[in-house]
Each structure stands twice: as C-alpha cells, then as structure tokens.
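Inside the fold
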Amino acid sequence: MLAVMADPTAEEHVSQVSELCCECGQFHLLLDNHLYNFQDEVDDELICHICLQPLLQPMDTPCGHTYCFKCLENFMQEYNFCPMDRKKLSFQQCHKSSLLVRNLLDKLIVFCPFKAECQQTMQRCELEAHLQNRCPGFKKYKSELQRRKNASSKGKEDPPARVETNTPKDPEVPSAGSSLVAESSAAAVVSLGTVEPGLVNPAFEETEEDLPQRTSLVAETTTVEIHREDPEEELGMRIVGGKDTPLGNIVVQEVLRDSVIAADGRIAPGDHILEVNGVNISSVTHCQAVSFLRHPGPVLHLMVLQEKGFSNKTAQQDSSSATNREVIHVTLIKRDRSEPLGIKLIRKTDEPGIFILDLLEGGLAAKNGKLSRNDRVLSINGQDLRQGTPEAAAQIIQTTESRVNFVILRQPGSQLPEQVEDGSTSNSSSSSSSNGGSPVHHRRRLDQNHYRRKSTYQKDLPQGYASHEKTVAIKKEPKESLGITIGGGRDNKNKLPIYVTSVQPIGCLFRDGRIKRGDVLLSINGIDLTHLNYYEAVSALKSNAASHSVVLKALEIIPLNAPEPSLDIKEQGFSWSPLWIMWLGLPSYLHCCQDIVLSKGNLESWGFSIVGGFEESKGNKPFFIKTIVPGTPAFRDRKLKCGDEIVAVNGVPAIGMSNSELIPMLKEQRNKVTLTVVSWPGSLV
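Residues numbered from 1 in each chain as written. Predicted model: local features only at pLDDT ≥ 70, side-chain atom pairs only at ≥ 80, totals over all residues. Heavy atoms only, no water.

Here's the deal with the overall build of the protein
Along the backbone of the protein there are 16 helices and 35 strands. By residue count, 54% of the 685 residues in the protein fall in the buried class. Restricting to contacts in the protein with at least 6 residues of sequence separation, those with at least 24 account for 72%. Total accessible area on the protein stands at roughly 30,300 Å², and carbon and sulfur atoms take up 51% of it. (Helix = DSSP H or I, 4+ residues; strand = E, 2+ residues; numbered from the N terminus. Buried < 20%, exposed > 50% of the residue type's maximum accessible area, 1.4 Å probe, protein only. Contact = heavy atoms within 4.5 Å. Areas by Shrake-Rupley, 256 points an atom, 1.4 Å probe, with all protein chains shown as cover.)

Below, the structure is given as structure tokens:
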C-alpha cells in the first residue's frame, strides 16, 4: 500500500490552523495515530484492519489478529468482539506484538514529508530524529511558525481578545453549515424551531450559550427521482408512521443495503416522505402509504423533507455557496470482497463528514476516473456518512462483496487544503478481511443488552388494537406437514417473536383454517416458542410435527381499523413480513427491550424529538422517537431509530407520563442518559 500524503509546505498559511506533529511531520489530532508516506507498498500482514494503515504500536489478540494500539482501544470502547472474526474479546486480553514484528514495522522505509526541501528516505523509526536534527524543511517550518507567533503576540490588544484557532475560514473550503443541495432539490428551507402540536423537541434546547451559534432546526424539501429497471422491484427501505399512528408523518426508518434506494443514495433514515408521484401522503394512514410506495413502475417521484441539523449565523450568510455544489453518483465494482479500491479518506477539522484525500495510482477508483480529490462522501451503499468517519466508511467498503455505490458532493474547482486535515485517515486500498459481510449497524446490535419487558414497564394495548389468543388442536398423520413458514426469532436484530409468514395449501393447518399469516406462535405441544431464535423454533416445530396430534397456541393481532383490502395485491413479489403497525398491537409481555446510553457535551442537546404521552382527552399513548437530528449525539450513536418506543428513562417507566413530565426528565440529564426502548422493524417497501 502506497500511502500518498500531502506536502505540508504546500500552503503558505499552514500554521494558522494547527501545528505539525514533531514526530511524523504531518497534521493529525493529538490522540490519533501518526501518519507516514511509505516508499513501497506495505505487506497486507503488516496492515491494521481497523484503520487500514501500517501498524503502529501493534497489539495481538488471543484469536491471532493484530491491530494498532489506538485503533483497538477505540474499537473496544464500543464493541466486545474482534473486528476480524467477531470472537468475544476484551482489551485486557490483548498484548504487545513480538519485538520481531515491531522491528519489522519500524524498518519500513518512509519519505520525508517535506518533499520541496528534502527528498530523503529513511526507516520509520528514524523520521523523528531526522525532523528534529537534519531536515531543512522542518527547520524552515519551525522558523516560520515562530515568526508568526511573535507577530501575533505583538498585535494583541489589551485586554487580550480570545483567539479562535479551531474555526479558520478559508474561501476555498465549503462552509460547514451549507445546505446539501441535490440536483433536483427544491431547496426550500424550513425552520423547525417552533414545534408542531403534540411534538416536543428535546433535540433543540436553546440556552444563552447556544444563541450565538444556533438559531433554528433547518430542514429542506427535495424531489428525488428513482429509476427501476424492474418496475416490480422493491425500493429497499423501511417506513414508520402515518396519520393513524402517533408519528403522523411517514418517516424512513432504514435503507437496506444494495437496494434501489441505497444505490441512488439521496434518501436517508429520518427523512419524511411528503409526496409519491405527485400524491400528498403526509396525512394518509400507514397502510395507504405502503400501498402508494409499493406501486410498481419504472420511475418513482418522491418529495422528501430532510433535516439538516441546527443552522447558525455563518451558515445562513454562506448558504448561497451551496448552489455551486453538485451531487454525483459513482459505482465501483470489485471482482471480489478483497479487491482494494485505492481511496484515501480523511476528516476536516472545520467541517463534518469525510472527504477524499487521494486516489492511489493504479487503484480501482483511479481507473474508474469519476471520483476526485476533495469530494465529500455523503453515503456508501445507502449508509448515511454526512456525519460519518473514515473508519465507518472503511467498514462498509470492506464488507461489500461487489458493488460499492458512492454518493458524493462536489464543488467545482475546490481543492482540499492540506492544513485542515486532522489526520484521521482511512485507506480502503487494503484488502478486507472475512467478517461475514455484516453491515456495521448489524454489528452494533449484537452487543446490545436485550431483555423481556419488565412488569413495571408494561402497558395496555393501544387504542385501535385487540389481540386474540387461540389454541389449535389438530389430529394428523405422522408424516403430514404442518404446512407453514415462519419468520422472526430472538436472534433477529429486532428480537421479534416467531410469526407465521405463510400457510401453504399442502399442510394440515391450511385444512384446519384457524392459523393465519401474521399469527404469533406462542407454543407447540407445551414447548414455549416465545424465547427461541429462528433455528430453534424451526427445530421445535419439525420435531413436534412428527406426532399424531399437535396443539398450537397462537396470538392473532387484530387492528380494529382494518387495512385496505387492496394492500395484499400490492405485496405480490415482496417477501411477506408484518407491517410496522401490527407490531404496535403486540402485548407488552412479548416485547424485547434494549438500553441505549447516550452521552453529550454540556452545550449539546440530545438530538431527538418525541411524540406521545398522556393527554386528558386521549388517555395514555406510548412515546415514540419521531426525529433524529444530524450531527447530534443521538445521530452519531446510530442505535436509536425513528419509530422506536421509549419505555423508560434512566430506569423510570415512561408509561402514564405526559410530555410536561418526560421532557424535564430528559433535560435534567446533563451528560448521560439511558433510554430503554422497544424497536420494531418498519414496513418494507
């Protein structure tokens, strides 16, 4: 891997942003790894498969893998498994690599980063001494830095003004607050500072400290045109909401990888769908919205409302610069999962998201020719990276088998100023490892603590639902099949109970007629099915089906406002699964909860809005997550989803609370809060 880094002397005003690291001669955050320009391609065995760079302070795991000390330490703060084989792991079990490995790494040949004044190469371990004692470029840099510091100190007034060194303004760098403008965007900016009736928004809590920076929550309406080669192909997103639910609007909960929507890249979780092919769906029922979105056709026109986060004064002044930006879609096709793309990604200190620093010569991206230096990566394979990190992008690229779909934002003529990089690079040119191909957000869910909903958290069925428990006893031939297929299971990422996905016309249950598609299976011949994973449930059903008699207990969930009869027609060609609204009628004792811990700074807000709660006229209603604001703690954590039900806050049940009771409780938590939530999969369209 030839890691090509920028020449630190390329910009005259480099020292205005940050100082070079005295050990590696590159710009990076104090806690990040050092950066080096390697002369030759580094053997894959010496690459860290977290940062995709040659190993620094290598650490070995008990399962035989090696990572950088800082990379592994950061990874283990969030996960409890090895990134390569996903075996259970704790940081305390890891140890320093052997002296032989460390010596091999230290002897890798690197270029001096000051190419203009110094063309020397040396072993990596010798670079620091070279910079301090022999490099004319670093000597010149230090002299210039000292001269500017002296000039700056002479120009200070009394009393001294506070110097904001972390917010430089470079005319070539797009403002961090600029809106994203898609090619077909209506660019209608909406202030959400005033909440709608019934909506409380702890995401936006103005304080005196916030007022100079934050003025309102900004959203933008965008028209998206989706093209399908197969008019019957599903879009590949999950939706929640509808006028018959507390959420009201139709909200995108999830975008599935390798789907039509993911390939387009403009729609992200949290977007509100306002129109479908010119039809306003902002006030239709959930079932009606599903029907509209499942309607087949080669072209689909969607109008969506996308939240952009909090605006600030600088962003409002500079928003006109966004009109020069262009959204571009690029697809790179790997021959196999391990083929490198040859892209180096980097963060900026003054703007969120990740940017392309360099395309490695001869790499797949360079040969394709459609990606450029300084492109901002908005999404990869439908995974929203507007507030992402190079590490997250590398994980997505590594786990992709073939097609890697980029959506990037480009401002013509802009160049990446080397001085604004913080050194957190991710080079996807390294070969990826086998990790089962699971997307990053699936990994996150494996280590969550799921548990049955406690009795103190349980609630009555919401209005509009009834449930009917039925016992079905059948006499059958020993070899006769039950004739059902099932879905769900507690190993599912949403920890669903086992439910019937189809009743085949060849089995005894079809002949009996009492078990229906969508029924939740509770037990068979006295064996509890509600705590089993999918394969355990299949095994239990098969083994008990071999007897002469079968007793099935099942639960039928009955929405009192029956869905439109046309809905099943629209499901042709779709893998059937229950609609999101069906799960809302599931009794509490079958729910699985998880605890999500959010952390924030003193001046941050949590970043989500909620609907629901007790009202005198409507009685008790669950609290649901309606909005997750980009750039906030809830957004960065990525575990909370639109449509999740809040069961408790810091262990205090939310059942029976009103808005005026729950909101102060959330605001009182200054830096950390534990949300107990129940999450149901949105309806697939």
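A closer look at the pairing of strand 24 (residues 484-489)
Counting buried residues in strand 24 gives 5 out of 6 residues, a clear majority hidden from the surface. If you look at the hairpin formed by strand 24 and strand 25 (residues 496-503), you'll find 6 residues sitting between the two strands, and Lys495 has a positive phi there, around 55°. (Pairing = 2+ DSSP bridges.)

Things to note about the sheet that holds strand 5 (residues 109-111)
If you trace the 3 strands from one edge of the open sheet to the other, you get 1-5-6, paired in antiparallel fashion. The outermost strands of the open sheet, each flanked by one partner alone, are strand 1 (37-38) and strand 6 (121-123). In this structure, strand 5 lies alongside strand 6, joined through 3 bridges in antiparallel fashion. Across the sheet, the residue bridging to Val110 is Met122, located in strand 6.

Here's the deal with a negative patch on the surface
Where like charges cluster on the molecular surface, the negative patch consists of Glu229, Asp230, Glu232 and Glu233. Counting through the fold element by element, Asp230 comes out in the loop between strand 9 (217-227) and strand 10 (237-241). For Asp230, a relative accessible area of 39% puts it in the partly exposed group. (Patch = residues over 30% accessible without salt bridge, like charges linked within 9 Å, V, L, I, M, F, W, Y side chains within 5 Å. Salt bridge = Lys/Arg side-chain N within 4 Å of Asp/Glu carboxyl O. Lys, Arg positive; Asp, Glu negative; His and termini not counted. Charge placed at Lys NZ, Arg CZ, Asp CG, Glu CD.)

Some details on the packing of aromatic side chains
Enumeration according to the criterion identifies 10 aromatic pairs in this entry. One aromatic cluster is present, built from ring pairs that chain together Phe114, Phe138 and Tyr141. Sitting over the ring of Phe81, Arg86 keeps its end group 5.7 Å from the ring centre. Over the face of the ring belonging to Tyr36 we find Arg124, whose NZ or CZ atom lies 5.6 Å from the ring centre. (Phe/Tyr/Trp six-rings, centres within 6.5 Å; stacked < 30°, edge-to-face > 60°. Lys NZ or Arg CZ within 6 Å of the ring centre and 35° of its normal.)

Topic: the confidence of the model for the protein
Low pLDDT marks stretches whose predicted atomic positions should not be read closely. Averaged over the protein, the pLDDT score is 76; the fraction of residues at 70 or greater is 75%. Contacts of residues 414-448 to residues separated by more than four positions or lying in other chains number 156 contacts, the stretch itself having pLDDT below 50. In this model residues 564-573 is a low-confidence stretch, pLDDT under 50, and it forms 16 contacts with partners more than four residues away in sequence or in other chains. (pLDDT = per-residue confidence, 0-100.)

A short note on the sheet that holds strand 2 (residues 58-60)
Overall, antiparallel pairing links the 3 strands, which are arranged 3-2-4 in an open sheet. The two strands at the open ends of the sheet, each matched to only one other strand, are strand 3 (66-68) and strand 4 (95-96). Judged from the 2 bridges that link them, strand 2 and strand 4 form a sheet pairing that is antiparallel. Paired with Asp60 across the two strands is His95, which belongs to strand 4. The sheet contacts of helix 1 (residues 69-76) involve strand 2 and strand 3, and relative to strand 3 the element is tilted by about 95°. (Axes fitted to C-alpha atoms, helices over the stretch in contact; angles between N-to-C directions.)

Let's talk about the pattern of salt bridges
This model, assessed by the stated rule, comprises 15 salt bridges. Across the pair Arg148 and Glu144 runs a salt bridge whose closest N-O atoms are separated by 2.8 Å. Placement of the pair is Arg148 and Glu144 together in helix 4 (residues 136-154), with a separation of 4 residues, close to one helical turn.

Some details on the pairing of strand 11 (residues 250-255)
When you tally the buried positions in strand 11, you get 6 out of 6 residues, the bulk of the element. Sheet topology note: the strand 10/strand 11 ladder contains 5 bridges and is antiparallel. Considered in strand 11, the bridge of Arg238 is made with Glu254. Pairing of strand 11 with strand 12 (residues 272-276), which is carried by 2 bridges, proceeds in the antiparallel orientation. Residue pairing across strands places Ile250 opposite Ile273, the latter belonging to strand 12.

Here's the deal with helix 1
Turning to helix 1, its buried residues are Cys71, Leu72, Phe75 and Met76. The buried side chains of helix 1 occupy one side of the element, clustering within an arc of 120° when seen end-on. Those residues of helix 1 that are buried are in contact with strand 2, strand 3 and helix 9 (390-398). (Arc of directions from axis to C-beta.)

Details of unusual backbone geometry
Even without being a glycine, Gln57 presents a positive backbone phi close to 50°. If you trace the backbone, Gln57 turns up in the loop between strand 1 and strand 2. The exposure class of Gln57 is exposed, given its relative accessible area of 51%. For Asn650, which is not a glycine, the phi torsion comes out positive at approximately 50°.

Topic: the side chain of His591
Summarising the element assignment, His591 is placed in the loop between helix 14 (580-584) and strand 29 (592-599). In this structure the side chain of His591 is engaged in a polar contact, spanning 2.8 Å, whose partner is the backbone oxygen of Leu586. (Polar contact = N/O pair within 3.5 Å; in protein donor to acceptor, adjacent residues only side chain to side chain.)

Here we look at the environment of Val251
Position of Val251 relative to the elements: it lies in strand 11. In the structure, Val251 is positioned 13 residues away from Arg238 in sequence and 8.6 Å away in space, judged by C-alpha atoms.

Quick notes on the nonpolar core
What tends to happen in soluble globular proteins is that the nonpolar side chains get buried as a cluster. Met237, Ile273 and Phe608 are the most contacted members of the largest nonpolar core, which totals 72 residues. Per-element accounting of this core gives the leading share, 5 residues, to helix 14. Residues in contact with Met237, not counting those within four places in the same chain, are Val252, Glu254, Val255, Ile261, Ile267, Ile273, Leu293, Leu302, Ser683, Leu684 and Val685. By size, the runner-up hydrophobic cluster in this structure holds 40 residues, among which are Leu20, Ile50, Leu108 and Cys118. (Core = buried A, V, L, I, M, F, W, Y, C linked by side-chain atoms within 4.5 Å.)

Digging into the side chain of His286
Tracing the backbone through its elements, the reader meets His286 in helix 6 (residues 286-294). Setting aside its immediate chain neighbours within four residues, His286 contacts Ile239, Val240, Gly241, Gly242, Asp244, Ile250, Leu579, Trp580, Ile581 and Ser683.

A short note on the state of the cysteines
Should the sulfur atoms of two cysteines be covalently bonded, the bond is a disulfide. If you walk through the whole model with that rule in mind, you get 0 disulfides. Free cysteine: Cys51, not disulfide-bonded; nearest cysteine sulfur from Cys71 at 3.6 Å. The class of Cys51 is buried, set by a relative accessible area of 7%. Looking at the unpaired Cys593, the closest cysteine sulfur is the one in Cys592, lying at 7.4 Å. (Disulfide = S-S within 2.5 Å.)

Side note on the environment of Gln504
Within the secondary structure, Gln504 is located in the loop between strand 25 and helix 11 (508-512). In this structure, the C-alpha to C-alpha distance between Gln504 and Leu482, residues 22 residues apart in sequence, is 8.6 Å. What Gln504 contacts, discounting residues up to four positions off in sequence, is Gly483, Thr485 and Phe510.

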